[in-house]
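This is what each chain is made of:
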Amino acid sequence: MTDHYAVIGNPVDHSKSPQIHAAFARQTGQDITYDRLSAPLDAFTSTAQRFFSEGGQGLNITVPFKHEAWDLVNLHRGDALDAQAVNTIKSENGKLIGYNTDGIGLVADIKKNLRFEIAGKRVLLMGAGGATYGVVFPLLRENTKALVVVNRTLEKAQSLVQSIKKRAGAIVTSLDAAPYADLAGSTFDIVINATSAGLNGEMPSLPQGIFARDALAYDMVYGRNTPFLAFAREHGAHAVDGLGMLVEQA
Ligand code: ATR
């Protein structure tokens, strides 16, 4: 019997998830269809519910619906509860189960594929939206020396950090929120762009000298040379896009 899956988002035309999952299905001998499902911005829930009521087994969720997906599911598993965002929904015995594999994907790409150590490193995470929520906990679990969440709208970074500190208990060594203006004079070993700036050809206001020696600059956006990646190369950092994370989260 053929299993039906899809990635749901808006926009979703650019998504490489259908090719990735088709390749996994070939490798594992599964008979599946995997489509792109475009949901109107105000109709994520009804579109997802229709997909499952018509027999769909699973959805991947991309921008901007990961928070709504978290609200939709009946149960949260793995990192989904802490992330307050869901990128994978599975239908099981009439219940919708939500997972978040973004953080696992990012950590696996950095450690396994890029062979960069995260433990003991100073990490700067740019942005305070759904993409950031999904990866903060998995990064903290790697025992970063310091994790700074920087955002244009400082209050969003502050409330993210507060909510994480409340839940994280003992694993929080050093976790802070900051505005871009406070970064001058600081250096980081890993700088991760979890903003949507690159999608609009924009660059977060990073100061010169932000990269420590041999630093990794990671843009979660994939398939384009974002201004952040160009800036990183200019300043001697190893610049990497988010394709590896996409494959690992899948
Ligand atoms: P997602 O769920 O994909 O994270 P989002 O919730 O819309 O999307 O969040 C987008 C993030 O990108 C936000 O942190 C946003 O900053 P603000 O909270 O200040 O809006 C950030 N962002 C977008 N464009 C940016 C830019 N040009 N410079 C810096 N940050 C930017």
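Residues numbered from 1 in each chain as written. Predicted model: local features only at pLDDT ≥ 70, side-chain atom pairs only at ≥ 80, totals over all residues. Heavy atoms only, no water.

Take the packing of helix 6 (residues 130–141) against helix 7 (residues 154–168) next. At a minimum axis distance of 11 Å, the contact between helix 6 and helix 7 shows a crossing angle of 45 degrees. Accordingly, the angle class assigned to the pair helix 6 and helix 7 is oblique. Crossing angle aside, the handedness with which helix 6 passes helix 7 is right-handed. Contacts between helix 6 and helix 7 involve T132, Y133, V136, F137 and L140 from the first element and S159, L160, S163, I164, R167 and A168 from the second. (Axes fitted to C-alpha atoms, helices over the stretch in contact; angles between N-to-C directions. Helix = DSSP H or I, 4+ residues; strand = E, 2+ residues; numbered from the N terminus. Parallel < 35°, antiparallel > 145°, perpendicular 65-115°, else oblique. Left-handed = near helix turned anticlockwise from the far one by under 90°. Contact = heavy atoms within 4.5 Å.)

Summed over all chains, the structure comprises 5 salt bridges. Of the charged contacts in the structure, one is a salt bridge between K112 and E248, with a shortest N-O distance of 3.3 Å. Of this pair, K112 sits in helix 5 (residues 102–113) while E248 is found in helix 9 (residues 243–249), placing the two residues 136 residues apart along the sequence. (Salt bridge = Lys/Arg side-chain N within 4 Å of Asp/Glu carboxyl O.)

With that out of the way, let us pick up helix 8 (residues 227–234). Every α-helix winds through 3.6 residues per turn, so residues three or four apart in the chain are directed the same way. For helix 8, the full list of buried residues reads F228, L229, F231 and A232. Angularly, the buried residues of helix 8 cover 160 degrees about the axis, an arc narrow enough to put them on a single face. On its buried face, helix 8 sits against strand 7 (122–126), strand 10 (188–193), strand 11 (211–219) and strand 12 (238–240). (Buried < 20%, exposed > 50% of the residue type's maximum accessible area, 1.4 Å probe, protein only. Arc of directions from axis to C-beta.)

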